[in-house]
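A structural walkthrough
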Number of protein chains: 2
Amino acid sequence: MRRKVTLKQIAKELDVSISTVSKSLKNSSEISEDTRLKVQAFAKLYNYKPNNIALSLKNKKTKTIGIIIPEIVHHFFATVISGIEQVANEKGYNVIVCLSDESFDKEVINLEMLANGSTDGFIMSLSKETQQKKDFHHLQEVINQGMPIVMFDRVANEILSDKVIIDDQLAAYQAVSFLVEEGRKKIALITTVDYVSVGKLRTDGYLKALTDHSIDINDDLIIKIEDIDNCSEAIEKLISNQDIDAVFAVNELFAVVAIKAVTKKEIKIPEEISVIGFTDGIISKFSSPSITTVSQNGVKMGRKAAEMLIERLEDEDEENERYRTEVIETNLIQRESTKT
Amino acid sequence: MRRKVTLKQIAKELDVSISTVSKSLKNSSEISEDTRLKVQAFAKLYNYKPNNIALSLKNKKTKTIGIIIPEIVHHFFATVISGIEQVANEKGYNVIVCLSDESFDKEVINLEMLANGSTDGFIMSLSKETQQKKDFHHLQEVINQGMPIVMFDRVANEILSDKVIIDDQLAAYQAVSFLVEEGRKKIALITTVDYVSVGKLRTDGYLKALTDHSIDINDDLIIKIEDIDNCSEAIEKLISNQDIDAVFAVNELFAVVAIKAVTKKEIKIPEEISVIGFTDGIISKFSSPSITTVSQNGVKMGRKAAEMLIERLEDEDEENERYRTEVIETNLIQRESTKT
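A short tour of the structure in this document, coming up. (Residues numbered from 1 in each chain as written. Chains lettered and ligands numbered in written order. Predicted model: local features only at pLDDT ≥ 70, side-chain atom pairs only at ≥ 80, totals over all residues. Heavy atoms only, no water.)

Observations regarding the sheet that holds strand 8 (residues 246–249) of chain B
Residues and elements named next belong to chain B. Under the convention used in this document: A strand pair is defined by DSSP finding two or more bridges across the two strands. Only runs of H or I of at least four residues qualify as helices and only runs of E of at least two qualify as strands under DSSP, and these elements are numbered from the N terminus. Axis definition: a line fit to C-alpha positions, over the contact stretch in the case of helices; interaxial angles, taken between N-to-C directions, run 0 to 180 degrees.
The strand order 7-6-8-9-10-12 describes an open sheet built from six strands, whose pairing is mixed. Looking along the sheet, the strands with just one partner apiece sit at the ends: strand 7 (222–225) and strand 12 (331–333). Mean inter-strand twist for the sheet, computed between neighbouring axes without regard to direction, equals 20°. Taken together, the three bridges between strand 9 (residues 274–278) and strand 10 (residues 292–295) define a ladder with parallel strand orientation. Bridge pairing in strand 10 places Ile-276 opposite Thr-292.

Here you go:
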């Protein structure tokens, strides 16, 4: 027996995107009639079967939660998974993890694969590319078919679903205000490109804190990193060329690379430069000097996301459309990279 | 429709282990006849259906690889997953990850879940508890049913399957020899408890290197950590109480905790004490001082495991029983924590 044809195969055969295939099969008016008919004809010819999720859901529960995250090398996502595992185990659920590798297409494929009878619902953090494209039809489709999704950290406000976030803007605001209160005035920001929702919010918090404390914003002190694997050069250039007395970094890796660059120039931390990072991972804790960070409470975020999903899965009222957004509090963990 | 009863539920109902249920259903003589009959009767009553994997395999390919690893917060496992993802994507396979959380029962449950039609084969690293129990019947069962397994890092020599390992003993031998050649004589070892196969092999390499260089083995300089989350106290005690001039740590976390403890005592690295770790993660690279480590080449290990699995999945000769063990070479990455 041949395996049924997949969205991906149809896309490849017709040389169109997966998203185009998916929308054509839903007869979306976003797609030209010509393309829609071509895709539909092809799908019919090759016996494409969309997942009858709503149907299968009525018949059985898998007691499995699907997690789709952008990457796994990032300590934050690992801690969120730990939190989800804790609650899932307590409540008798299994957990399956898939990675989008920051790719929209992989996110769509993984969601299709897991929605195909393997899981009861999803906990997701969106890929960079999905956030950039602002194409969330795959999420909407799964929700429409009766499978709940809880989004965390990188969420889409356009989608009605339960969400778990931290107040990224407030957390950044508080961290930068802490630096100002230490007497810092020339505070550099190492952040991500703007389409990463949390990077943008943390940047906003930085800007607001400076403005509220009447410190002029100097664009030369702000760098936006596109490729996290190659951040060293840009950060070293910032530290070497600019006159700064503090660094606020939107993640732990940027912070530790900044510390390395500062130490190399024999500038003293925290006497001459303070550093604050984001995400409370093992690097921050064990680096020398240890790094003051905004703790995102990844475990707590994961626990909350799992609780919300399981609650919805076990809710008798399947039509419950009161979606909640839970805000997990952050806290600044003071260590050696700032003055006390 | 009721969900079919699972191994776990039967185990709970009858107050026996999952392993006992699984073996009883296979009519294993390891289990008393009394227990076997009880389990079989219960399973029959509740309509337990074992996975008809061999049957389903003949009919369809899922083009999905299941990965089961002990934990995800460990950078090494994250890099192996990256390597597996790379090859899987190149060859058109999806990847699903499940965590055993170092638990034998969770490993059995995850394997049962994924073998139930979700995946074509497995890439696995065993949980601590599985290695301690030396109970590998769940692996054997999956293999018998026609699903290939590639084991990596923590492997079971008792099971005939493809394997990807590094020569842990040789790698440790070379690292310790490097310290001896630097002039170090009082070399401490921070390792894991012996039932973790790789920890044991690295310990053996340490002992052999000292013996071959005619250095007496001092048991006071060897500590075996059971619980990785609470390693700080034992390591600080070692650094404070013993007269040492070098530390060899079997993972990156032990190394960075040792550096922290040494730095706290204002002992200079590498002038007074050299430190070598294992696993080339971001901590080693970005810690100050940066840490000389044995690189395990996690990405390479993952790539090789995926290649071996896919090769076997696509091999026409299903009865091919020539299993291979690939040894990935390691290399010492010299950084600031040792003299050059």
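Okay, back to it.
Some thoughts on the packing of helix 9 (residues 168–181) of chain B against helix 10 (residues 197–212) of chain B
Residue and element names in this part refer to chain B. Note the following rule: For this classification, under 35 degrees means roughly parallel, over 145 means roughly antiparallel, 65 to 115 means roughly perpendicular, and everything else is oblique. Definitions for this section: a left-handed crossing has its near helix turned counterclockwise from the far helix by less than a right angle. A right-handed crossing has that turn clockwise. Contacts between residues were defined by any pair of non-hydrogen atoms, one from each residue, lying within 4.5 Å. Following the grouping adopted for this structure description, the nonpolar residues are Ala, Val, Leu, Ile, Met, Phe, Trp, Tyr, Cys and Pro, the charged ones are Asp, Glu, Lys and Arg, and the polar ones are all others, Gly among them.
Here helix 9 crosses helix 10 at 40°, and the two axes come no closer than 7 Å. Taken as axis vectors, helix 9 and helix 10 run oblique relative to one another. In terms of crossing hand, the pair formed by helix 9 and helix 10 is right-handed. Taken together, the residues of helix 10 that come into contact with helix 9 (itself represented by Asp-168, Gln-169, Ala-172, Tyr-173, Val-176 and Ser-177) are Val-198, Leu-201, Arg-202, Asp-204, Gly-205, Tyr-206, Lys-208, Ala-209, Leu-210 and Asp-212. Looking at the contact of helix 9 with helix 10 residue by residue, the classes come out as eight nonpolar, three polar and five charged.

Regarding the interface of chain A and chain B
Interfaces are frequently sized by the accessible area removed from exposure as the parts join. Stated formally: Once two parts are brought into contact, the accessible area they lose, counted with a 1.4 Å probe and summed over both, makes up the buried area. By convention in these notes, a salt bridge is any Lys or Arg side-chain nitrogen within 4 Å of a carboxyl oxygen on Asp or Glu. Pairs of N or O atoms are called polar contacts if they sit within 3.5 Å, as long as, within protein, a hydrogen donor faces a hydrogen acceptor (for residues adjacent in sequence, only side-chain-to-side-chain pairs).
Opposite the 42 residues of chain A that make contact, chain B presents 42 residues. Of the roughly 3,400 Å² buried between chain A and chain B, counting both surfaces, carbon and sulfur atoms make up 60%. Sorting the residues of chain A by area buried against chain B places Lys-260, Phe-286 and Ser-288 of chain A first, and these three jointly supply 18% of that buried surface. For the interface between chain A and chain B, the tally reads four salt bridges. Between Glu-85 of chain B and Lys-106 of chain A there is a salt bridge, with the nearest N and O atoms lying 2.2 Å from each other. Taken together, the links from chain A to chain B amount to seven residue pairs in polar contact (both at pLDDT 80 or more). Those elements that provide at least two residues to the side of chain A that touches chain B are helix 5 (75–90), strand 2 (94–99), helix 6 (104–115), helix 12 (252–264) and helix 13 (282–286) of chain A. Residue composition of the side of chain A that touches chain B, grouped by class: 21 nonpolar, 13 polar and eight charged.

What about the pattern of salt bridges?
Counted according to the given criterion, the structure contains 42 salt bridges over all chains. Between Arg-202 of chain B and Asp-168 of chain B there is a salt bridge whose closest N-O contact spans 2.7 Å. Pair noted here: Arg-202 of chain B is in helix 10 and Asp-168 of chain B is in helix 9, with a separation of 34 residues, a long-range link. Each of Lys-23, Glu-30 and Asp-135 of chain A takes part in salt bridges that share partners, so that together they form one network.

A closer look at the environment of Val-256 of chain B
Applicable threshold: Summary of the burial criterion: residues with accessible area below 20% of their type's maximum are buried, those above 50% are exposed, and those between are partly exposed, where the area comes from a 1.4 Å probe applied to protein chains only.
Within the secondary structure, Val-256 of chain B sits in helix 12 (residues 252–264). According to the relative accessible area criterion, Val-256 of chain B is buried, its value standing at 1%. Separated by 189 residues in sequence, Val-256 of chain B and Ile-67 of chain B have C-alpha atoms that sit 28 Å apart. Excluding its chain neighbours within four sequence positions, the residues that come into contact with Val-256 of chain B are Phe-286 of chain A together with Ile-283, Ser-287 and Ile-291 of chain B.

Quick notes on the sheet that holds strand 8 (residues 246–249) of chain A
All names here are of chain A. The strand order across the open sheet formed by six strands is 7-6-8-9-10-12, and the pairing between neighbours is mixed. With one partner strand each, in any of the chains shown, strand 7 (222–225) and strand 12 (331–333) form the two edges of the open sheet. Each neighbouring strand pair of the sheet contributes to a mean axis angle of 20°, computed without reference to strand direction. Where strand 8 lies against strand 9 (residues 274–278), three bridges are found, and the strand directions are parallel. Paired with Val-247 across the strands is Val-275, a residue of strand 9.

Observations concerning the pairing of strand 9 of chain B
In terms of burial, strand 9 of chain B is largely enclosed, as five of its five residues are buried. Side chains Ser-274, Ile-276 and Phe-278 of chain B project from strand 9 of chain B onto one buried face, and the interleaved Val-275 and Gly-277 of chain B project onto a second face that is buried too.

A look at the relation of the copies chain A and chain B
Just so we agree on the cut-off: The copies were overlaid with a least-squares fit restricted to C-alpha atoms from residues scoring a pLDDT of at least 70 in each copy.
For the pair chain A and chain B, the best superposition has an RMSD of 0.1 Å and corresponds to a rotation of 180° with a translation of 0.0 Å parallel to the axis. Within this description, the copies of the chain are treated as partners about a two-fold rotation axis. Both copies present the same face, since 100% of the interface residues in chain A are matched by interface residues at the equivalent positions in chain B.

Examining the packing of helix 2 (residues 18–25) of chain A against helix 3 (residues 33–45) of chain A
When two helices pack together, their arrangement is given by the angle between the helix axes and the distance between those axes. All names here are of chain A. With their axes 9 Å apart at the nearest point, helix 2 and helix 3 run at an angle of 85° to one another. Viewed along their axes, helix 2 and helix 3 adopt a mutual orientation that is roughly perpendicular. Judged by residue contacts, Thr-20, Val-21, Ser-24 and Leu-25 of helix 2 engage Thr-35, Arg-36, Val-39, Gln-40 and Ala-43 from helix 3. Class assignment of the residues belonging to the contact of helix 2 with helix 3 gives a composition of four nonpolar, four polar and one charged.

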